[in-house]
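Chain by chain, the residues:
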Amino acid sequence: MSFTIAGTGYAHPVRTLDNEELTRMVDTSDEWIVSRTGIRSRYIATTETLTELAVSAARMAMDNAGAEAASIDLVICSTVAGDTKCPTLAGNVLGGLDIRCPAFDVNAACSGFLYALQTAAAYMDAGLAETVLVIAAEMMTRHVDWTDRASCVLFGDGAGAVLLQKGEGLLACRLRAQPDKKNLLVIGQGKSHSVFEETDAAPSVLAMNGPEVFKFAVTSMCRDIKEVLDSAGLGPEDIRYVVPHQANLRILETARQRLGFSEDQIAVNIERYGNTSSASIAILLAELVEQGKLQRGDNIVCTAFGGGLTSAACVIKY
Ligand code: ACO
């Protein structure tokens, strides 16, 4: 299957919000947040726009790949909420990078980056693109209810990007979705009105049933990783890193034990970022490359779960 990751990049806002500062906003403690989630701090946008973060991450990925704007055939952005509904985030990114090519957003909540990767692969397999820029960028803090201690401690902002070129690096990929019948994870559209009457739509703040999402996360991660490893004909011993969606350290630890990976095979940066939704895997990947931890030829497994309810996993030879 289709692509090689030629370059990676990431960006985050300047302002950090650590657990200690959160204790002055809601009834919580550093000890509770660290022990339940692994999060110590997160980045939170103040003056930055999501487009600016996405463009910075993309520039870094293009520079790392040595790719010119003119060589890009397609831009796909994963986000749950761009700066504007229209233009899309991908449309706004075209302006920032002076690129002219088809560009669109995908929204599969926290699984969106992996949905975007498989979409890029499908374009390449169909002969419609040879070089694709995939960006995952999120400002979850725009959608957080800052009075809800159960959710506001979890999220942060950031962007990650990959410059993909036609190749043989995607060894297996599986996307899934099932109806969220019990509204376990919802971000609504806010109060809206038609020409005729005002309607009460779900509020635009995030509402989540944490413990139920936790169970969904562990179950889907274990199932999806097993499935893509089988499909690639690989076992845990063949994998340099699992690069998982960063939602909760306890989710990662539970899945790690069930799947038989060692601690040093699980890549983690949640302590500095919190949960950046679909951007988390892309940021983590770029940091692993920047830190020299990922070498050409290494196999990685990426895995994500989130609203929808969606989940996804893929095996990539870097
Ligand atoms: N500080 C202190 N106490 C808190 C806090 C807080 N920030 N939040 C909740 N509590 C309290 C609760 O009120 C409850 O108190 P009680 O026992 O007196 O009723 C107690 O802590 C336990 O609450 P639970 O919700 O059961 O805590 P849990 O151990 O499940 O941890 C958490 C909550 C961290 C949200 C966990 O369920 C989780 O991570 N779930 C998965 C969430 C997730 O992955 N979401 C993202 C996926 S999709 C996406 O990325 C957009």
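Scroll up a little and you will see the structure.
My aim in this report is to walk through the structure given alongside it, one point at a time. (Residues numbered from 1 in each chain as written. Predicted model: local features only at pLDDT ≥ 70, side-chain atom pairs only at ≥ 80, totals over all residues. Heavy atoms only, no water.)

1. With respect to the overall build of the protein
Heads up, the rule is: Secondary structure elements follow DSSP: runs of H or I no shorter than four residues count as helices, runs of E no shorter than two count as strands, and numbering proceeds from the N terminus. Between the two quantities, the radius of gyration covers C-alpha atoms and the globule rule is 2.2 Å times the number of residues to the power 0.38. Relative accessibility under 20% of the residue-type maximum defines a buried residue, over 50% an exposed one, and the middle range a partly exposed one, all with a 1.4 Å probe and only protein chains included. Per-residue and other accessible areas were derived by the Shrake-Rupley procedure at a 1.4 Å probe size, with only the shown protein chains allowed to occlude residues. The charge count includes Lys and Arg as positive and Asp and Glu as negative, but it does not include His or the ends of the chains. By convention, the charge on Lys lies at NZ, on Arg at CZ, on Asp at CG and on Glu at CD.
For the protein, the helix and strand inventory stands at 10 helices and 15 strands. What you see for the protein is a C-alpha radius of gyration of 19 Å, in line with the 20 Å of a compact globule of 318 residues. Based on the C-alpha atoms only, the size of the protein along its principal axes is roughly 50 × 50 × 35 Å. Sorting the 318 residues of the protein into buried and exposed places 54% on the buried side. Surface accessibility of the protein: about 13,500 Å² in total, with carbon and sulfur atoms responsible for 50%. Across the protein, the 27 positively charged side chains and the 38 negatively charged ones have centroids separated by 5 Å.

2. Concerning the site of the ligand
Note the threshold: The nearness test applies per residue and asks whether one of its heavy atoms lies within 4 Å of the molecule or strand. Any N or O atom pair separated by 3.5 Å or less is treated as a polar contact, with the protein-specific requirement of one donor-capable and one acceptor-capable atom, and with residues adjacent in sequence counted only for side-chain atom pairs. Asp, Glu, Lys and Arg are counted as charged, while Ala, Val, Leu, Ile, Met, Phe, Trp, Tyr, Cys and Pro are counted as nonpolar; the rest, among them Gly, fall into the polar class.
Around the ligand, the surrounding shell holds 25 residues, and the nearest of these are Thr-28, Arg-36, Cys-110, Asn-248 and Asn-275. The contact in question runs from a nitrogen atom of the ligand to an N or O atom on the backbone of Gly-210, over 2.9 Å. Arg-250 is positioned such that a nitrogen or oxygen atom in its side chain is 3.1 Å from an oxygen atom of the ligand. For the ligand, the accessible surface in isolation is 1,000 Å², of which the surrounding protein chains cover 73%. Contributions of two or more residues to the shell around the ligand are made by helix H2 (30–37), helix H6 (149–152), helix H7 (210–232), helix H8 (249–259) and strand S14 (299–306). Considering every element that reaches the shell around the ligand, the biggest residue donor is H7, with 4 residues. Counted by class, the shell around the ligand contains 14 nonpolar, 7 polar and 4 charged residues.

3. Here's the deal with the packing of aromatic side chains
Heads up, the condition is: When two rings of Phe, Tyr or Trp (its six-membered ring) have centres within 6.5 Å they constitute a pair, described as stacked for plane angles under 30 degrees, edge-to-face for angles over 60, and tilted for the intermediate range. Remark: a charge is flagged as sitting over a ring if the NZ atom of Lys or the CZ atom of Arg is within 6 Å of the ring centre and within 35 degrees of the ring normal.
According to the stated counting rule, one finds 2 aromatic pairs in the structure shown. Pairing Tyr-43 with Tyr-273 gives two aromatic rings, centres 5.3 Å apart and planes at 55°, and the pair type is tilted. Of the two residues, Tyr-43 is situated in strand S3 (residues 41–43) and Tyr-273 in helix H9 (residues 270–273); the sequence distance between them amounts to 230 residues. When the centroid spacing of 6.1 Å and the interplanar angle of 40° are considered together, the rings of Phe-104 and Tyr-123 count as tilted. With Phe-104 in strand S5 (residues 103–106) and Tyr-123 in helix H5 (residues 112–125), this residue pair connects regions lying 19 residues apart in the sequence. Judged by relative accessible area, Phe-104 falls into the partly exposed class, the value being 24%. Judged by its relative accessible area of 28%, Tyr-123 is partly exposed. Sitting over the face of the ring of Tyr-241, Arg-240 holds its NZ or CZ atom 4.3 Å from the ring centroid. When the ring centre of Tyr-318 is taken as origin, the NZ or CZ atom of Arg-296, which lies over that ring, is 3.9 Å away.

4. Topic: the pattern of salt bridges
Keep this limit in mind: Here a salt bridge means any side-chain nitrogen of Lys or Arg lying within 4 Å of a carboxyl oxygen belonging to Asp or Glu.
A complete count under the given rule lists 14 salt bridges for this structure. Of the charged contacts, one joins Asp-98 and Arg-100 as a salt bridge, the two residues approaching to 2.8 Å between their closest N and O atoms. Neither residue differs from the other here; Asp-98 and Arg-100 are each classed as exposed. Ionic pairing is found between Arg-223 and Asp-224, a salt bridge with its closest N-O pair at 2.9 Å. We classify Arg-223 as partly exposed; its relative accessible area is 31%. By relative accessible area, which is 0% here, Asp-224 ends up buried. Residues participating in the shared-partner salt-bridge network are Arg-174, Arg-176, Arg-223, Asp-224 and Glu-227.

5. Details of the state of the cysteines
By definition, a disulfide links two cysteine residues through a covalent bond between their sulfur atoms. Our working rule: Two cysteine sulfurs form a disulfide in these notes if their separation is within 2.5 Å.
Within the structure shown, the criterion is met by 0 disulfides. Distance from the sulfur of Cys-77, which forms no disulfide, to the nearest cysteine sulfur (Cys-101) is 10 Å. On the accessibility criterion, Cys-77 (0% relative accessible area) is buried. The thiol sulfur of Cys-152 is not disulfide-bonded, and the nearest other cysteine sulfur, from Cys-110, lies at 17 Å. For Cys-152, a relative accessible area of 1% translates into the label buried.

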